[in-house]
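Understanding the architecture of this molecule
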Amino acid sequence: MSIWRVLTDAEAVTAEAVSLIQQAGDEAIARHGEFRLVLAGGSTPREIYRRLATSATGIGKWRLYYGDERCLPVDDPRRNSRMVEESGLAAKAGGHFPIPAELGAEAAASAYAWTIESALPFDLVLLGVGEDGHTASLFPGHVWPETDLVVAVHDAPKPPADRVSLSPRALRDCRHMLVIATGVAKADALHRWQAGDPLPIHAVTRGISHTVLVDASYVTG
Ligand code: 6PG
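Structure report, in brief.

Cut-offs and rules
- Residues numbered from 1 in each chain as written.
- Predicted model: local features only at pLDDT ≥ 70, side-chain atom pairs only at ≥ 80, totals over all residues.
- Heavy atoms only, no water.
- Pairing = 2+ DSSP bridges.
- Helix = DSSP H or I, 4+ residues; strand = E, 2+ residues; numbered from the N terminus.
- Axes fitted to C-alpha atoms, helices over the stretch in contact; angles between N-to-C directions.
- Core = buried A, V, L, I, M, F, W, Y, C linked by side-chain atoms within 4.5 Å.
- Buried < 20%, exposed > 50% of the residue type's maximum accessible area, 1.4 Å probe, protein only.
- Contact = heavy atoms within 4.5 Å.

**Quick look at the sheet that holds strand β4 (residues 68–70)**
In spatial order, the strands read β4-β8-β7; together these three strands make up an open sheet with antiparallel pairing. Of all strands in the sheet, those with a lone pairing partner are β4 and β7 (150–153), marking the two edges. Strand-to-strand twist in this sheet, taken as the mean axis angle between neighbours without regard to direction, amounts to 15°. Sheet topology places β7 next to strand β8 (residues 163–166); four bridges connect them, and they run antiparallel. Each residue of the ladder has a partner; that of V153, found in β8, is R163.

Written as structure tokens, this is what we have:
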């Protein structure tokens, strides 16, 4: 079942995402003593991470994983892990598990599959959406083996070309899935997704419960 919530603006999406992640964290810790959270990359979640770093309760029991990473040196500012570290969230969490994408896509995918295998099912997977309907680093026109947990990505249309991504199989193995998208540039992809176009975001969410937080530009866009 999908729940779509159209909020007034990006700030409202940020605030609601923080609240829903905190709720999922409290629920997971009560259930099994820790919170296994998969983080989205890109720029939309940056402020969410900053707020969680300063306000989240129980964060010492949070274990942070990544939906994808760019194949760049660990200190490259374009890395998703750098965004999380700079937000302060990585240092506050009980566990932080970046994708070793600096090793190269294939080696990193193989190593990270071992890392996440014992973390499944995730408690919450946070995802962004690209203007072309990609999510994580799963892009239109690409194919990925059904059984793999983590995939190596090359010729990604969103630079850098080489990336590592959790597969649909891994991303879907979760108790909660939260998708965030703001800005008029995402409106077309969101409408296509809702229309059932075979986009990567559709492949990842179809048939499982998920919540989508969008801002008003989804309506006006
Ligand atoms: C990445 C992200 C990617 C991102 C979307 C949305 O590494 O680029 O994982 O999937 O979530 O492209 O990006 P924005 O939040 O910057 O719009």
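**Some details on the nonpolar core**
Of all hydrophobic cores here, the largest spans 74 residues; its most connected members are I21, W62, F122 and L166. With eight residues, the single largest contributor to this core is helix α1 (residues 10–32). Contact partners of F122, with chain neighbours within four places excluded, come to R36, V38, Y65, I116, L166, A170, D173, C174 and R175.

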